[in-house]
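# Analysis of the macromolecular model
Below, each chain spelled out in residue letters.
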Amino acid sequence: MGWEGIVVLQLAAWWLSLYYWDAFLLEMGLIAPFLPCTYVYNLVYDKVRERLVRRGEAARVSEA
C-alpha cells in the first residue's frame, strides 16, 4: 500500500468516525472485487492479442 492508501485510510477513518482497522477492512472490501476482474481481463486480453499478432504474422508470411 503506497502513501495514497495510507492517506485514504486515515481520511476514511476520520470522515466516517471509524477505527483504523474498520477503515482498512472497508477499503479492502471496496478493492477486493476488482482484483479478480482485472486478472481475468488481462488474461483474456493477452490471449486475444497473441492470436491477433500470430494471425498478422501468418498473413505477412503468406503474402511474401
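Further up the page is the structure itself.
Residues numbered from 1 in each chain as written. Predicted model: local features only at pLDDT ≥ 70, side-chain atom pairs only at ≥ 80, totals over all residues. Heavy atoms only, no water.

A tally of helices and strands in the protein chain yields 3 helices and 0 strands. Element order for the protein chain, N to C, with α for helix and β for strand: α-α-α. Radius of gyration (C-alpha) of the protein chain: 22 Å, far over the 11 Å computed for a compact globule of 64 residues. Projected onto its principal axes, the C-alpha coordinates of the protein chain cover approximately 70 × 20 × 15 Å. (Helix = DSSP H or I, 4+ residues; strand = E, 2+ residues; numbered from the N terminus. Rg over C-alpha atoms; globule rule 2.2 N^0.38 Å.)

Before going further, it helps to spend a moment on the packing of helix H1 (residues 3-15) against helix H2 (residues 20-31). Between H1 and H2, the shortest axis-to-axis distance is 9 Å and the interhelical angle comes to 115°. The two elements H1 and H2 cross, and the hand of that crossing is right-handed. Contacts between H1 and H2 pair Gly5, Val8, Leu9, Gln10, Ala12 and Ala13 from the former with Tyr20, Ala23, Phe24 and Glu27 from the latter. Among the residues forming the contact of H1 with H2, the class breakdown is 7 nonpolar, 2 polar and 1 charged. (Axes fitted to C-alpha atoms, helices over the stretch in contact; angles between N-to-C directions. Left-handed = near helix turned anticlockwise from the far one by under 90°. Contact = heavy atoms within 4.5 Å. Nonpolar A, V, L, I, M, F, W, Y, C, P; charged D, E, K, R; others polar.)

Time to look at the pattern of salt bridges. As enumerated under the stated definition, the model contains 1 salt bridge in all. Across the pair Arg54 and Glu50 runs a salt bridge whose closest N-O atoms are separated by 2.9 Å. With Arg54 and Glu50 both in helix H3 (residues 34-63) and 4 residues apart, the pair spans about one turn of that helix. Judged by its relative accessible area of 55%, Arg54 falls in the exposed class. For Glu50, a relative accessible area of 36% puts it in the partly exposed group. (Salt bridge = Lys/Arg side-chain N within 4 Å of Asp/Glu carboxyl O. Buried < 20%, exposed > 50% of the residue type's maximum accessible area, 1.4 Å probe, protein only.)

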